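Each chain, written out:
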Amino acid sequence: MPFDELTRDLDVLVVDDEPTVRELLLEYFEGLGFRVTGAEDGRSAIALVQRGRGRFGLVVTDLNLPGADGFAVLQAARQANPTCFVVIITGYASLDSAIRAV
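Residues numbered from 1 in each chain as written. Predicted model: local features only at pLDDT ≥ 70, side-chain atom pairs only at ≥ 80, totals over all residues. Heavy atoms only, no water.

## Section: helix 3 (residues 42–52)
And step 1. Within helix 3 the residues assigned to the buried category are Gly42, Ala45, Ile46, Leu48 and Val49. In an axial view of helix 3, the angular spread of the buried residues amounts to 160°, which keeps them on one side of the axis. For helix 3, exposure combined with an orientation more than 90 degrees from the buried face picks out Arg43, Gln50 and Arg51.
And step 2. Along its buried surface, helix 3 packs onto strand 1 (11–15), strand 2 (35–39), strand 3 (56–62) and helix 4 (70–80).
And step 3. Where helix 3 begins, the capping side chain belongs to Asp41, and its oxygen is found 3.2 Å from the backbone nitrogen of Arg43.
And step 4. Two residues or fewer after helix 3 comes Arg53, characterised by a positive phi angle close to 45°. (Buried < 20%, exposed > 50% of the residue type's maximum accessible area, 1.4 Å probe, protein only. Helix = DSSP H or I, 4+ residues; strand = E, 2+ residues; numbered from the N terminus. Arc of directions from axis to C-beta. Contact = heavy atoms within 4.5 Å. Polar contact = N/O pair within 3.5 Å; in protein donor to acceptor, adjacent residues only side chain to side chain.)

Structure, rendered in structure tokens:
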């Protein structure tokens, strides 16, 4: 699929409780031409993916979030859209969390 088709057909959700990280990622994906939505906590992200009914094709989420963690966001995103790609980012990685994410 050509990149311009990808940006036209793929909505991105960025979830991070750190405003500077969230804004940086939002600006990055917007600069590439994607439609982007941001959420500051896990509960908000889960509500967005549930209301979006499969709208998001890519979710970039922090692992450690207030309200619900990145694994809960992963599960909700995959339930709403089984073909959704989910990228989990964290500054506090462990082997257990990496294995669980996979």
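That was the structure; now back to the text.
## Topic: the packing of aromatic side chains
And step 1. According to the stated counting rule, one finds two aromatic pairs in the structure shown.
And step 2. Plain terms: the ring middles of Tyr28 and Phe29 are 5.2 Å apart, the flat faces sit at 75° to each other, and that makes the pair edge-to-face.
And step 3. Aromatic side chains Phe29 and Phe34 sit 6.0 Å apart centroid to centroid with 75° between the ring planes, which places their arrangement in the edge-to-face category.
And step 4. Overall, Phe29 belongs to the buried group, its relative accessible area being 11%.
And step 5. Three or more aromatic residues joined by ring pairs form one cluster here, namely Tyr28, Phe29 and Phe34. (Phe/Tyr/Trp six-rings, centres within 6.5 Å; stacked < 30°, edge-to-face > 60°.)

## Comments concerning the pairing of strand 3
And step 1. In terms of burial, strand 3 is a largely internal element, seven of the seven residues being buried.
And step 2. Here strand 1 pairs with strand 3 via five bridges, running parallel. Considered in strand 3, the bridge of Asp11 is made with Phe56.
And step 3. As paired strands, strand 3 and strand 4 (residues 85–89) are joined by five bridges and run parallel to one another. The partner of Asp62 across the bridge, within strand 4, is Ile89.
And step 4. At this point the chain moves from strand 3, through helix 4, to the parallel strand 4, and the crossover so formed is right-handed. (Pairing = 2+ DSSP bridges. Right-handed = clockwise from strand over helix to strand, strands pointing away.)

## Some points on the nonpolar core
And step 1. The biggest cluster of nonpolar side chains holds 15 residues, and the ones touching the most others in it are Leu13, Val15, Val49 and Val59.
And step 2. For this core, the elements supplying multiple residues, two or more each, are strand 1, helix 3, strand 3 and helix 4.
And step 3. In terms of residue count, the dominant contributor to this core is helix 3 (four residues).
And step 4. If near-sequence neighbours (up to four positions away) are discounted, Leu13 is found in contact with Thr37, Gly38, Ala39, Ala45, Leu48, Val49, Phe56, Leu58, Val59 and Val60.
And step 5. Formed by 10 residues, the second largest nonpolar core is a distinct cluster that contains Leu10, Leu26, Phe29 and Val36. (Core = buried A, V, L, I, M, F, W, Y, C linked by side-chain atoms within 4.5 Å.)

## Here we look at helix 4
And step 1. The complete set of buried residues in helix 4 reads Gly70, Phe71, Val73, Leu74, Ala76 and Ala77.
And step 2. The opening residue of helix 4, the one whose side-chain oxygen lies 3.1 Å from the backbone nitrogen of Phe71, is Asp69.

Remember that the coordinates give geometry; whether it matters functionally is a separate question.
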